[in-house]
Amino acid sequence: MLVTMGKKILRVILILEVNKMHVVSDECVKCGACADVCPVSCITEGETKYVVGDACIDCGACESVCPTGAIAAE
Ligand code: SF4
Ligand code: SF4
């Protein structure tokens, strides 16, 4: 019983980890620095701000170059 519950909890944690990604807030000034450093090229220019796509591997490279702190882990 306890082992089964533990396995279920572990599965939920794994799903949450896999689905984690970076997102861009309205502080974005569209400088493009994040898109330049993204190793999987998943950041594209949107109408009012840059946007992170589903391919994000949550590496954090974009976060360290953003001048306004607009991009961060969700
Ligand atoms: S680095 Fe920051 S401010 Fe520049 S485009 Fe990316 S999210 Fe926007
Ligand atoms: S966290 Fe890494 S993979 Fe995700 S958008 Fe930023 S640079 Fe790209």
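Per an unreviewed UniProt entry, the protein goes by the name Ferredoxin and belongs to Megasphaera vaginalis. If you open the UniProt record of the protein and go to Cofactor (unreviewed entry), you find "[4Fe-4S] cluster".

Looking only at helices and strands, the protein has three helices and four strands in total. Listing every helix and strand of the protein by position from the N terminus yields α-β-α-β-β-α-β. Looking at the protein as a whole, 16% of its 74 residues qualify as buried.

Here we come to the site of ligand 2. Close to ligand 2 lie 14 residues, the nearest being Cys38, Cys56, Cys59, Ala61 and Cys62. Looking at the shell around ligand 2 residue by residue, the classes come out as eleven nonpolar, two polar and one charged.

Secondary-structure assignment places Val40 in the loop between α2 (33-37) and β2 (43-45). Between the C-alpha atom of Val40 and that of Cys59, which follows or precedes it by 19 residues, the distance is 9.8 Å. Excluding anything up to four places from it in sequence, Val40 contacts Ala55 and Ile57.

On to the confidence of the model for the protein, then. Model confidence for the protein is summarised by a mean pLDDT of 86, while 74% of its residues fall at 70 or above. Confidence over residues 12-16 falls short of pLDDT 50; this stretch has zero contacts with residues more than four positions distant or in other chains.

What follows covers the environment of Val37. Note that Val37 resides in helix α2. Assessed through the 15 C-beta atoms surrounding it within 10 Å, Val37 is described here as partly exposed. Taking the C-alpha atoms as reference, Val37 lies 8.1 Å from Val65; in sequence the two are 28 residues apart. Those residues in contact with Val37 that sit more than four places away from it in its chain are Ala61, Cys62 and Val65.

Below, the discussion takes up unusual backbone geometry. Phi at Lys30 is positive, roughly 60°, even though this residue is not glycine. Examined against the element boundaries, Lys30 turns out to sit in the loop between β1 (22-24) and α2. At Ser41, a residue that is not glycine, the phi angle is positive and equals roughly 50°. Assignment of secondary structure puts Ser41 in the loop between α2 and β2.

About the criteria used
Residues numbered from 1 in each chain as written. Chains lettered and ligands numbered in written order. Predicted model: local features only at pLDDT ≥ 70, side-chain atom pairs only at ≥ 80, totals over all residues. UniProt positions renumbered as here; feature names shortened; annotations may be inferred. Helix = DSSP H or I, 4+ residues; strand = E, 2+ residues; numbered from the N terminus. Buried ≥ 20, exposed ≤ 12 C-beta atoms within 10 Å, placed from the backbone. Near = placed C-beta within 6 Å. Nonpolar A, V, L, I, M, F, W, Y, C, P; charged D, E, K, R; others polar. Contact = placed C-beta atoms within 7 Å. pLDDT = per-residue confidence, 0-100.

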